[in-house]
Amino acid sequence: MELKLQTLTANLLDTQALTAVTLITLVGDIDGNTAPGVQADVLAAAAPDSKMILDMTEVPYMSSAGLRVLLAVYRQMTAQNSQVVLVGLAEEIRDTMEVTGFLDFFTTAATLDEAYGLLQLQPV
Amino acid sequence: MDRIDIHPTHTVDGYKVRCGRPLPFGATLVPGGVNFSIYSSYAIDCTLVLFKRHQAEPMVELLFPEEFRIGNVWSMIVFDLDYENTDYGYRMGGPLSFQEGHWFNRDKILMDPYAKIIGGRDVWGVDPDWSDPYQHRSRLAFDDFDWEGDRPLEILPEDQVIYEMHVRGFTRHPSSGVKESQRGTFAGIRTKIPYLKELGVNAIELMPVFEFDEFENSRRHPETGNLLMNYWGYSTVGFFAPKAGYAATGKFGMQVDELKSLVKELHRNGIEVILDVVFNHTAEGNENGPYISFRGIDNKTYYMLTPEGYYYNFSGCGNTLNCNNPVVRNVVLDCLRFWAAEYHIDGFRFDLASILGRDPWGAPLANPPLLETLAFDPILAKCKLIAEAWDAGGLYQVGSFPAYGRWAEWNGKYRDGIRKFLKGDAGCVGDMAQRLQGSPDLYAWAGRAPATSINFITAHDGFTLADLVSYNDKHNEANGEYNNDGGNDNDSWNCGAEGWTDDPGINDLRSRQMRNAIALLMVSQGVPMLLMGDELGRSQNGNNNTYCHDNDLNWLNWDLLETNRDLFDFVSHCIHFRLAHPVLRNHNHFQNRDYAGSGYADITWHGTQAWQANWSADSHTLAFMLCGRHAKQATVADDFIYVAMNTHWQTQWFEVPGLPSGLTWHVAANTGAAPAYFPLGTEPPLENQQGLLVRDRSVVILVGR
């Protein structure tokens, strides 16, 4: 389970001020074995009061443990006053999250552009 | 601050372990590991067997040291387990004596009776690996769940409208429009919540959802070669686990979350969940059945055995669970408490419940401890408890089920009474009067309310509504038992031809009879139960016992929503009508007098003449009027309601009783006319306030306002 980190810049929609967006790309399955690592790594990359996009495009599978860790991490970040959007959930994963009740807890977007919109940003 | 008892103290075969804690029973995640707890009254040793998920060969076997036993309970914490990829089971050592009732065998790997997830049948219908000696495998569950404030709805029993549903049958058919991966699952039900809301039901009763084996007794039909399976599921493998094959995410082991999520969503939409639970027998069968769990863990405790050691068969299914043995009583209680607390289940319907009132030797008990315990348990205090108040051993307790003021009953006499009346049998009106009132003849004497009576005309056992009016006889040849299975006392009438016909007169009568049945069901005091698909005219081609068919004989065909839209609309109307009129949903029985000072008794009986019912044996006409001022024991105001029933073959003039001045009669429904109903609030005034013609074999409902 790998993490790729990027900091992008974008303009805030209302003020046009330049803002940093942390783009965290997760690669690999998130299950009982990889979940603790994911939790540690994502939280290390997260800063309070920030805007973050979690790119899930390269996550083929999340287990029960994986869903729980993702939610825990998401809640920890939003508790620090950050805004987080999940992008690129595969259809099967999205369906799984929906029927197990996890989907509603997250802000999700189909594309990066949509994610920017949800974060009130405009790509530079 | 860390606990002081969460570190390993022993190492066995490379695994770090520690003495566990007896409670809770089963497998519980604790810091760093899993606490396993299992008990047996007669075993002398116990070994925990751990597997990598799906592997037939164990990974390690950990014998419980003697010092890890308290009383009859062995418990152990095992550290550093991969929760999601571990299956576990037990080997129990003890006496082997047929006559003494002991079947201990260390060669068998036994499933934990308290397993919260069970593997082995992860996807419905996928051929199991029959060479695997451990077929139904206990797994570890995450039991955390964010309910976001959800709790059981506590709808008053008399205000319920129950829909009896088979999880797979509801959405498995491609016509359901449900995504293929979700057809026939809990997720599928979720997508159909808007449909259930439109229909108007506020409770769904799910046929068995505890883990069962669809391949149990599977066989090929001797003539057609079709695979017949255990489709209905009345044969429990695990009492604490939802069936994996009923979850779209079962293959990922997420059935717990999926079912909890379904309950949460149903509750959000005002719909309760009742589970059909089967404590009368298990999937282990008789002397020839498999070892799954109870047989190898504590046979003598769990099963009713004859003095020679054979299995009593009061269930008709091979064995009988020993429900009034104190140990078993606790398992049943633990199970129900678990589902009420962890899954927020609103109620339980007990299959062949009379077995729960038999002692360990099969004799009926006057004061069955189990039924009493369940009636007074604090966690179950607001749960509906519904008994199918008979069993297969000759005990029939409709009206006499040990109720402790709490238990409701499937009222088989309602079903029989309505069916006979509708098909025009003689000597029915007296019985009808009782059934329409919530069966005071059965329940009032014992102080039991109308809501004790679960009124139904059809259920999974027996004909569907469409078949009830299309067949005189059962046609169960497809079951491969030469039409010997299924009940013969169907009280059905084919309206003039057996099975499918293109005769418009017969089909018109069949439509009318179905509407008559639904209308009467919805205006009866008590709690109405509707069979899945009856609102769409679902047919099983005259098969009244479709327990073994995993095909479109059982799968609801959603195309019927289009072809039979008018029937659906009628049923939906009747349900909404019932829910709009509290006078139909009394908490107490009628007193047959005016205690509100309205000038009218709470209920009065009429016939073709007002104020004068014809109670004779050859009467086919009956009517009743409910005084709106007496609704809910005169605590709320409602319209007057008048219901006229004509099961005669000729149209009759019904003189209608007069209303208080200022009120007039309006037509809410008339199964013998077109349209058959008027939406709430649009009921037109009755043309002639003195009376009306009621067509042969039809029901009229008037509201007085």
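This one's a predicted model, so the numbers in the text were calculated from it and none came from an experiment. (Residues numbered from 1 in each chain as written. Chains lettered and ligands numbered in written order. Predicted model: local features only at pLDDT ≥ 70, side-chain atom pairs only at ≥ 80, totals over all residues.)

Right, let's talk about the overall build of chain A for a bit. Across its full length, chain A carries four helices and six strands. Reading chain A from its N end, one meets helices and strands in the order β-β-α-β-α-β-α-β-α-β. Taking 14 Å as the expected radius of gyration for a compact globule of 124 residues, we find that chain A reaches 14 Å, a close match to that expectation. In terms of principal-axis extent, the alpha carbons of chain A reach across some 40 × 25 × 25 Å. Looking at chain A residue by residue over its 124 residues, the buried ones come to 38%. (Helix = DSSP H or I, 4+ residues; strand = E, 2+ residues; numbered from the N terminus. Rg over C-alpha atoms; globule rule 2.2 N^0.38 Å. Buried ≥ 20, exposed ≤ 12 C-beta atoms within 10 Å, placed from the backbone.)

Residues and elements named next belong to chain B. Taken across its six residues, strand S20 (residues 272–277) has six buried, putting it largely inside the fold. Across four bridges, the pairing between strand S15 (residues 203–206) and S20 is parallel. Bridge pairing links alanine 203 to glutamate 272 in S20. One ladder, built from four bridges, connects S20 with strand S21 (residues 347–350); its direction is parallel. The residue bridging leucine 275 from the neighbouring strand is phenylalanine 348, located in S21. (Pairing = 2+ DSSP bridges.)

All names here are of chain B. Taken together, the five strands give an open sheet; going across it, the order is S6-S5-S9-S13-S12, and neighbouring strands pair in antiparallel fashion. Among the strands making up the open sheet, the edge pair consists of strand S6 (60–63) and strand S12 (117–119). Geometrically, the sheet is characterised by an average inter-axis angle of 35 degrees between neighbouring strands, direction not taken into account. Pairing geometry for S12 and strand S13 (residues 137–139), over three bridges, is antiparallel. In the sheet register, isoleucine 117 faces S13, and the bridge partner there is arginine 139. (Axes fitted to C-alpha atoms, helices over the stretch in contact; angles between N-to-C directions.)

The terminal C-alpha atoms of helix H12 (residues 504–523) of chain B, which comprises 20 residues, lie 29 Å apart, in line with the 28 Å expected from a rise of 1.5 Å per residue. H12(B) sits mainly inside the fold: 14 of its 20 residues count as buried. (Expected span 1.5 Å × (residues − 1).)

Our focus in this paragraph is the packing of helix H1 (residues 35–45) of chain A against helix H2 (residues 64–79) of chain A. Axis angle and axis distance: for two packed helices, these are the angle between their axes and the distance between the axes, and together they describe the pair. Residue and element names in this part refer to chain A. Where H1 contacts H2, the two axes come as close as 9 Å, and the packing angle between them is 15 degrees. Here H1 lies roughly parallel to H2, going by the angle between them. Of the two elements, H1 crosses H2, and the hand of that crossing is right-handed. The residues of H2 that touch H1, namely those facing Ala35, Val38, Gln39, Val42 and Leu43, are Ala65, Gly66, Val69, Ala72, Val73 and Gln76. Considered class by class, the residues forming the contact of H1 with H2 number eight nonpolar, three polar and no charged. (Parallel < 35°, antiparallel > 145°, perpendicular 65-115°, else oblique. Left-handed = near helix turned anticlockwise from the far one by under 90°. Contact = placed C-beta atoms within 7 Å. Nonpolar A, V, L, I, M, F, W, Y, C, P; charged D, E, K, R; others polar.)

Here the focus is the sheet that holds strand S27 (residues 621–626) of chain B. Residues and elements named next belong to chain B. Sheet architecture is open: five strands sit in the order S26-S27-S28-S32-S30, paired in antiparallel fashion. The sheet is open, and its two edges are formed by strand S26 (603–606) and strand S30 (665–670), each paired on a single side. Recorded for the sheet is a direction-independent mean angle of 20 degrees between the axes of neighbouring strands. The pairing of S30 with strand S32 (residues 698–704) spans five bridges and is classified as antiparallel. In the sheet register, valine 667 faces S32, and the bridge partner there is leucine 702. Contacting strand S28 (640–646), S30 and S32, H12 crosses the sheet at an angle of about 40 degrees to S32.

When the domains of chain B are assigned, the result is domain 1 (10–139), domain 2 (163–197 + 425–580) and domain 3 (591–704). Inter-centroid distance (C-alpha atoms) of domain 1 of chain B to domain 2 of chain B is 43 Å. (Domains from an automatic or database assignment.)

This brings us to the nonpolar core. Core analysis: the biggest nonpolar cluster contains 207 residues, and Met76(B), Val201(B), Tyr642(B), Val643(B) and Ile701(B) have the highest contact counts within it. What Tyr642(B) contacts, discounting residues up to four positions off in sequence, is Ala623(B), Met625(B), Val656(B), Trp665(B), Leu702(B) and Gly704(B). Core analysis: the second largest hydrophobic core is formed by 31 residues, Tyr74(A), Val84(A), Ile93(A) and Tyr116(A) among them. (Core = buried A, V, L, I, M, F, W, Y, C linked by C-beta atoms within 7 Å.)

Right, let's talk about the environment of Met1(A) for a bit. Residues and elements named next belong to chain A. Among the secondary structure elements, methionine 1 is positioned in the segment before strand S1 (2–12). Residue classification places methionine 1 among the partly exposed positions, given that 17 C-beta atoms sit within 10 Å. Residues within four places of methionine 1 in sequence aside, it is in contact with Gly28, Asp29, Ile30, Thr34, Gly37 and Val38.

Here the focus is the interface of chain B and chain A. Counting from both sides, the interface comprises 19 residues of chain B and, opposite them, twelve residues of chain A. Mapped by element, the contributors of at least two residues to the side of chain B that touches chain A are helix H2 (186–191) and helix H4 (255–268) of chain B. At five residues, the largest contribution of residues to the side of chain B that touches chain A is made by H4(B). Residue classes in the side of chain B that touches chain A are distributed as six nonpolar, five polar and eight charged.

Taken together, the buried positions of helix H3 (residues 91–99) of chain A are Ile93(A), Thr96(A), Met97(A), Glu98(A) and Val99(A). Residues of H3(A) that are buried make contact with H2 of chain A together with H2 and H4 of chain B. Gly101(A) sits one or two positions beyond H3(A) and adopts a positive phi of about 85 degrees.

Moving on: the confidence of the model for chain B. Residues at a pLDDT of 70 or more form 100% of chain B, whose mean pLDDT is 96. Scored by ipTM, the complex comes to 0.95, with pTM at 0.97. (pLDDT = per-residue confidence, 0-100.)

Let us look at the pairing of strand S2 (residues 15–19) of chain B. All names here are of chain B. As paired elements, strand S1 (residues 10–12) and S2 share three bridges and run antiparallel to each other. Across the sheet, residue histidine 10 finds its bridge partner in S2, namely valine 17. Here S1 folds back onto S2, and the loop between the two strands holds two residues, one of which, aspartate 13, carries a positive phi near 55 degrees. Note: S2 against strand S8 (residues 73–79), three bridges, orientation antiparallel. Paired with valine 17 across the bridge in S8 is valine 78.

So, about the environment of Glu58(A). Residue and element names in this part refer to chain A. Summarising the element assignment, glutamate 58 is placed in strand S3 (residues 51–58). Sequence separation between glutamate 58 and threonine 25 is 33 residues; the distance between their C-alpha atoms is 7.7 Å. Discounting chain neighbours no more than four positions away, the residues touching glutamate 58 are Thr25, Leu26 and Val27.

As a further point, take the packing of helix H8 (residues 412–422) of chain B against helix H9 (residues 429–436) of chain B. All names here are of chain B. Contact pair H8 / H9: the axes reach a minimum separation of 9 Å and the direction vectors enclose 135 degrees. The angle between H8 and H9 falls in the class oblique. Where H8 crosses over H9, the handedness of that crossing is left-handed. Listed contacts from H9 to Tyr414, Gly417, Ile418 and Phe421 of H8 are Asp431, Met432 and Arg435. The residue makeup of the contact of H8 with H9, split by class, is four nonpolar, one polar and two charged.

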